[in-house]
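# Reading the structure
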Amino acid sequence: MPVWFLAIIPLAVVFLWLFFRVTQSHKRQQSTLSSEYFKGLNYLLNDEQGKALDIFVKLVESNWDTIDTHFALGKIYRKNGEMDKAIKIHQGLIARPSLPERYRSKILLELGYDYLGAGWFDRAEGLFKEVLIEDARSKEARHNLILIYQQEKDWYKAIDIAEDLYKEEPGVIGPMIAHYYCELADMAKTKGDTAQLENNAHKALKHDSNCVRATILLADLAKSRGDYARAVELYESIEKQDAESIILVIDALLECYQQLGQEDKLHDYLVGLQQRHANLFLQNVIASVLEQSKGEKAAMAYLSERIRQQPSLEGVLKLISYKAQEIEGDEVFKDLLTAITLLQKDVVEYRCQKCGFSTNTHYWLCPSCNHWGTVKPGIVHLGHGVIDKSETG
Ligand SMILES: [Zn+2]
């Protein structure tokens, strides 16, 4: 059975449903509609889409209630990646002199989606703006404009439209605007403009008080200025914003405490953090801190006890690495070390909490589902390390 035929089956179902809906509301026109409609459907099933479209265009002109068939056809073409065909349908509709005004915005939106799918952002932008001229409150048009500006990294334009939506959906739009300000803060950081960096990071926190990224920008700035006490205060405040994200700043936190000469205080803080959040993976960091302040034996004793409560490949590997000198030449330990190192390759450091995308690089914007702030450090569940089974089957 050819592939196009499989694609046509759901199309036929949609069309039959639309047909019965339309004919039920227009009993008088039923006989004319039905013969023409089935003729069109027949052309579709025979893969003669041009002829089918001619019939549907005639039908829509005599009864605009059949416009849903065009929208359904356009959506299916778009889903199959046939943007040219979807564009042809929607352009054909917009060019009809008899088009009732009430359908104009909807067709412009559909055409906008076609252009987005084809990667023609400037044309899509023009259409979504046109929708806003017709209907200034259209959320769909404003959301799509934001996505276009986000794609083009035009953060000022994105903020401009998003600020307008913020009043209506603060919970959804606030974190997005915060990331746009963080993008501006990042740009200021690259230019060495610390005043703008601070200004934008504070604006980000104003829109989303839990914006970890803005806190990290401010903490990094304090650290670069040598104000380690302030930097520690800011890094540690991430625990209240989003405890899992504190893993992102552990190395910077270590550096600050070392600069302050307060390794003991750091050890107490990390142990407290681990007690408050059992799912955070801190055992190797705590072992390293212990190793530096109290020596290797103290670190090994801590790890031996800890991996019983929270078994992890990383912990076992670190424990074995402490024993490296003694086990040199021992074949069994060598094989064990190789096996654990190989298993560790499957360990995923970050995962998107929205779509499940896993990666070993941290992103603020998920490259898979385009959500901000959803890619987070992997969580260690008691008894298991974070192992990505999706690729290994
Ligand atoms: Zn995602």
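This text gives an overview of the structure that appears in the document.

Calculation criteria
Residues numbered from 1 in each chain as written. Predicted model: local features only at pLDDT ≥ 70, side-chain atom pairs only at ≥ 80, totals over all residues. Heavy atoms only, no water. Helix = DSSP H or I, 4+ residues; strand = E, 2+ residues; numbered from the N terminus. Buried < 20%, exposed > 50% of the residue type's maximum accessible area, 1.4 Å probe, protein only. Areas by Shrake-Rupley, 256 points an atom, 1.4 Å probe, with all protein chains shown as cover. Polar contact = N/O pair within 3.5 Å; in protein donor to acceptor, adjacent residues only side chain to side chain. Contact = heavy atoms within 4.5 Å. Donors = N, O, S within 2.8 Å, 3.2 Å for Na, K, Ca; no water. Tetrahedral: all angles 85-135°; square planar, octahedral: opposite > 155°, others 65-115°. Salt bridge = Lys/Arg side-chain N within 4 Å of Asp/Glu carboxyl O. Pairing = 2+ DSSP bridges. Phe/Tyr/Trp six-rings, centres within 6.5 Å; stacked < 30°, edge-to-face > 60°. Lys NZ or Arg CZ within 6 Å of the ring centre and 35° of its normal. Disulfide = S-S within 2.5 Å. Axes fitted to C-alpha atoms, helices over the stretch in contact; angles between N-to-C directions. Parallel < 35°, antiparallel > 145°, perpendicular 65-115°, else oblique. Nonpolar A, V, L, I, M, F, W, Y, C, P; charged D, E, K, R; others polar.

Next up on the list: the overall build of the chain. Broken down by element type, the chain carries 21 helices and 3 strands. Taken across its 393 residues, the chain has 45% of its residues classed as buried. As displayed, the chain has an accessible area near 20,800 Å², and 53% of this comes from carbon and sulfur atoms.

On to the side chain of Thr374. Following the sequence through the fold, Thr374 ends up in the loop between strand S2 (358–359) and strand S3 (375–377). Side-chain polar atoms of Thr374 contact the backbone oxygen of His371, separated by 3.5 Å. Non-local contacts of Thr374, meaning those with residues more than four positions away in its chain, are made with Arg351, Cys352, Gln353, Lys354, Trp364 and Cys366.

This next bit is on the coordination of the zinc ion. Bound to the zinc ion are the protein donor atoms Cys352 (SG), Cys355 (SG), Cys366 (SG) and Cys369 (SG), situated 2.3 to 2.4 Å from the metal. For the zinc ion, the 4 donor atoms are set out with angles of 107 to 112 degrees between them, so the coordination reads as tetrahedral. Since its relative accessible area comes to 35%, Cys355 is described here as partly exposed.

Next up on the list: the pattern of salt bridges. Inspection of the entire model under this criterion finds 21 salt bridges. A salt bridge links Glu183 to Arg213; the nearest nitrogen and oxygen atoms lie 3.0 Å apart. Of this pair, Glu183 sits in helix H10 (residues 170–191) while Arg213 sits in helix H12 (residues 212–224); the two residues are 30 residues apart in sequence, bridging distant segments of the chain. The exposure classification of Glu183 matches that of Arg213, with both residues buried. Between Glu255 and Lys223 there is a salt bridge, with the nearest N and O atoms lying 3.1 Å from each other. Of this pair, Glu255 sits in helix H14 (residues 250–260) while Lys223 sits in helix H12; the two residues are 32 residues apart in sequence, bridging distant segments of the chain. Residue Glu255 is classed as partly exposed on the basis of its relative accessible area, which comes to 34%. Assessed through its relative accessible area of 18%, Lys223 is described here as buried. Each of the salt bridges in this network shares a partner with another, and the network as a whole consists of Lys75, Arg78, Lys106, Glu110 and Asp114.

Right, let's get into the side chain of His267. When you line up the elements, His267 lands in helix H15 (residues 263–276). Not counting the four nearest positions on each side in its chain, His267 is found in contact with Ile286, Val289 and Leu290.

Assignment of secondary structure puts Asn42 in helix H2 (residues 30–45). Residue Asn42 is classed as partly exposed on the basis of its relative accessible area of 44%. Sequence separation of Asn42 and Ala52 is 10 residues, and the distance between their C-alpha atoms is 7.8 Å.

The next thing to look at is the sheet that holds S2. An order of S2-S1-S3 is seen for the 3 strands of this open sheet, with the pairing classed as antiparallel. What marks the edges here is a single partner per strand, and that holds for S2 and S3. As paired strands, strand S1 (residues 350–352) and S2 are joined by 2 bridges and run antiparallel to one another. Its bridge partner lying in S2, Tyr350 is registered against Thr359.

Now for the packing of aromatic side chains. Under the definition given, this model contains 6 aromatic pairs. Plain terms: the ring middles of Tyr115 and Trp120 are 5.7 Å apart, the flat faces sit at 40 degrees to each other, and that makes the pair tilted. Note on Tyr115: relative accessible area 6%, which makes it buried. Residue classification places Trp120 among the partly exposed residues on the basis of a relative accessible area of 40%. Through pairs of rings, three or more aromatic residues link up here, namely Trp155, Tyr180 and Trp372. We note Lys106 situated over the ring of Phe71; from NZ or CZ to the ring centre the distance is 5.1 Å.

On to the state of the cysteines. Counted under the stated rule, the structure contains 0 disulfides. Take Cys182: it sits in no disulfide, and the sulfur closest to it among the cysteines is that of Cys211, at 3.8 Å.

Contact geometry for helix H16 (residues 283–294) and helix H18 (residues 313–322): axes closest at 9 Å, N-to-C directions at 25 degrees. By the criterion of interaxial angle, the relationship of H16 to H18 is roughly parallel. Every residue of H18 that contacts H16 at Gln283, Asn284, Ala287, Ser288 and Glu291 is listed here: Glu314, Gly315, Lys318 and Tyr322. Partitioned by chemical class, the residues of the contact of H16 with H18 number 2 nonpolar, 4 polar and 3 charged.

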